[in-house]
Amino acid sequence: MSDKATLIYEGRTIELPVVRGTEGNPAIDISRLRAKTGLITYDPSLANTGLCRSEITFVDGEEGILRYRGIPIEQFTKRPDFVEVIWLLIFGHLPNKEELAEFSTLLTENELLHEGLRHQFQYIPVDAPPMAILSAALTSLAFFHQEFLAVEDIESVIQAAARLISKVRTIAAFACRRSLGLPFMFPDPKFRYCANLLHMMFSIPYKQYVVTPEIEDAINLLFILHADHEQNCSTSTVRTVGSAQANLFASCAAGVCALWGPLHGGANVEVIEMLNRIQAGGISPEQCIRDAKNKDKPFRLYGFGHRVYRHYDPRAKILKDACDRVFAQLHRKDPLLDIARKLEELALTDPYFIERKLFPNVDFYSGILLRAIGIPTNMFTVCFAIGRLPGWIAQWKEQHADPTAKILRPRQVYTGPAKVDYVPMSERA
Ligand code: ACO
């Protein structure tokens, strides 16, 4: 295995170092390329660019492998505990009993919102998109918790992280209640992390929502499956913003904005809307597949395809099994699950999808599970964000611990006009 790659350009031979991680593709280190040759590299969607070195998450898209800190994702599914995974991602190892208890207490202590932030909700239109509320509220944490903005102080970072992870539930639940015109329910310290979110979303002042173990496990599992996915669009956004030494609140709020897009986390809403259209008879599954293949139509089969996976997304497989299990446990049926299965069957036997290696991704079955829990569709991407938050924080923390990290500042291939002179208004045609 060579530790150098050779580039021949205009008669010159240039040697470039090859960087190897523990697993995955080796990378040609081009950081000195421009200085040595005047060349830059062109990779517009960064599909072939390693943004950083990272020890957090490993994805092998060809084999359908996902591991957090080395642990295969499948091993978190038996007794899913999201808080344990949050700790693992941020601090790098599984917590012992004391660490987990201490961290859980820190989350409980920080679950309330500052009254100033709570009052802001009354000025938000009832039909405001919850992702807009979430990103605005996460940014607002920076003005209510200014004592934790110092990016170089690890204790401040941990305190900011705990506030984000704890309060994101309260913000999400308040956003949901606002859109439903229901009174806010305060967090209750007797509940565990996920049960508390469900309590704030579904209890009413005179009736406590009962969190069943099946539902609590399902939401823990959902969050764990979304917790990190190396350098995806929202995570690289968090790193980009963080590279300018922006604080953790602002960086994570930027991650929410990136996640909102329908090609990323917003796809879980698009999937359900697509399944609803099929159920309502507006379109058949076969027509849906035809439309997805038709290049003259902007439509895509949402919940299918992935930049990295050329194999079944392991998260989608776990979610598909979880849907079967949870529906059986709850003695329920959802016609959308049957339609999703039919679409998957059609796509996986269709040459268009086979040739392009398009498989279900995490968003294909997540909405069906969220529906079973009773979460409204407009909250699906918010739930994705709650799950992804520890990943963003872990990646941001890792970036700031790297003494070689610099501000992210890509270059471009300029294609505009060459130098032209300014024409005064009186001389313009
Ligand atoms: N339906 C139909 N065709 C698709 C789909 C799809 N869902 N996904 C990709 N393709 C086609 C493209 O049209 C393209 O075809 P072509 O080669 O004939 O031009 C080919 O497959 C390659 O697709 P790209 O768009 O180049 O793949 P890219 O890696 O850029 O995009 C993405 C990945 C954005 C996820 C894409 O597959 C997609 O739009 N999927 C639907 C949206 C979705 O589910 N997003 C969630 C992704 S998971 C996540 O973010 C958490």
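Everything here concerns the structure above.
Report on the accompanying structure. (Residues numbered from 1 in each chain as written. Predicted model: local features only at pLDDT ≥ 70, side-chain atom pairs only at ≥ 80, totals over all residues. Heavy atoms only, no water.)

Before going further, it helps to spend a moment on the overall build of the protein chain. A count of helical and extended segments in the protein chain gives 17 helices and six strands. For 429 residues, the compact-globule estimate of 2.2 N^0.38 gives 22 Å, and the C-alpha radius of gyration of the protein chain, at 23 Å, lies within 12% of that figure. Dimensions along the principal axes, computed over C-alpha positions, put the protein chain at roughly 80 × 65 × 55 Å. Across the 429 residues in the protein chain, those meeting the buried criterion constitute 48%. Long-range pairs, those at least 24 residues apart, make up 70% of the contacts in the protein chain with a sequence separation of at least 6. Summed over all atoms, the accessible surface of the protein chain reaches about 22,000 Å², with 54% contributed by carbon and sulfur. One finds the centroid of the 48 positive side-chain charges in the protein chain at a distance of 3 Å from the centroid of its 49 negative side-chain charges. (Helix = DSSP H or I, 4+ residues; strand = E, 2+ residues; numbered from the N terminus. Rg over C-alpha atoms; globule rule 2.2 N^0.38 Å. Buried < 20%, exposed > 50% of the residue type's maximum accessible area, 1.4 Å probe, protein only. Contact = heavy atoms within 4.5 Å. Areas by Shrake-Rupley, 256 points an atom, 1.4 Å probe, with all protein chains shown as cover. Lys, Arg positive; Asp, Glu negative; His and termini not counted. Charge placed at Lys NZ, Arg CZ, Asp CG, Glu CD.)

Let's shift gears to the pattern of salt bridges. Counting across every chain of the model gives 16 salt bridges. A salt bridge links Asp188 to Lys190; its shortest N-O distance comes to 2.8 Å. The class of Asp188 is buried, set by a relative accessible area of 17%. Accessibility expressed as a relative area gives 61% for Lys190, which makes it exposed. Close ionic contact of Arg341 with Asp324 constitutes a salt bridge, the shortest N to O distance being 2.5 Å. With Arg341 in helix α14 (residues 335–348) and Asp324 in helix α13 (residues 314–329), the pair connects residues that are 17 residues apart, well separated along the chain. Classification of Arg341 as partly exposed rests on a relative accessible area of 31%. According to the relative accessible area criterion, Asp324 is partly exposed, its value standing at 33%. Three or more residues joined by partner-sharing salt bridges are found here, namely Asp324, Asp338 and Arg341. (Salt bridge = Lys/Arg side-chain N within 4 Å of Asp/Glu carboxyl O.)

Look at any regular strand and the pattern is simple: side chains alternate between the two faces of the sheet. In terms of strand pairing, strand β4 (residues 57–60) meets strand β5 (residues 65–68) through four bridges, oriented antiparallel. Bridged to Thr57 within β5 is Tyr68. Hairpin connection from β4 to β5: four residues lie between these consecutive antiparallel strands, with Gly64 at a positive phi of about 70 degrees. (Pairing = 2+ DSSP bridges.)

If you trace the backbone, Arg192 turns up in the loop between α6 (154–180) and α7 (193–202). By relative accessible area, Arg192 is classed as exposed at 60%. Excluding its chain neighbours within four sequence positions, the residues that come into contact with Arg192 are Arg169 and Glu216. Only 3.0 Å separates the side chain of Arg192 from the side chain of Glu216, close enough to count as a polar contact. (Polar contact = N/O pair within 3.5 Å; in protein donor to acceptor, adjacent residues only side chain to side chain.)

Attention now moves to the sheet that holds strand β6 (residues 71–72). Overall, antiparallel pairing links the three strands, which are arranged β4-β5-β6 in an open sheet. The open sheet has two free edges, formed respectively by β4 and β6, since each of these has just one partner strand.

Another aspect to go through is the site of the ligand. Near the ligand, the surroundings consist of 21 residues, among which His264, Arg300, Leu301, Gly303 and Arg307 are the closest. Separating a nitrogen atom of the ligand from a backbone N or O atom of Leu301 is a distance of 2.7 Å. Burial of the ligand by the surrounding chains reaches 76%, relative to a free accessible area of 920 Å². Grouping the constituent residues of the shell around the ligand by class yields eleven nonpolar, five polar and five charged. (Near = heavy atom within 4 Å. Nonpolar A, V, L, I, M, F, W, Y, C, P; charged D, E, K, R; others polar.)

Quick look at the nonpolar core now. What tends to happen in soluble globular proteins is that the nonpolar side chains get buried as a cluster. If you look at the biggest cluster of nonpolar residues, it comprises 126 residues, and the most contacted ones within it are Tyr68, Leu138 and Leu301. Broken down by element, the residue count for this core peaks at 13 residues, all from α6. Discounting residues that sit within four places of it in the chain, Tyr68 has contacts with Ile56, Thr57, Ile73, Phe76, Val85, Leu88, Leu89, Ile224, Leu225, His226, Ala227 and Asp228. (Core = buried A, V, L, I, M, F, W, Y, C linked by side-chain atoms within 4.5 Å.)

On the secondary structure map, Ile283 appears in the loop between α11 (267–279) and α12 (285–293). Taking relative accessible area as the criterion, Ile283 reaches 15% and is therefore assigned buried. Placed 197 residues apart in sequence, Ile283 and Ile86 show a C-alpha to C-alpha distance of 41 Å. Contact partners of Ile283, with chain neighbours within four places excluded, come to Arg277, Ile278, Cys288 and Asp291.

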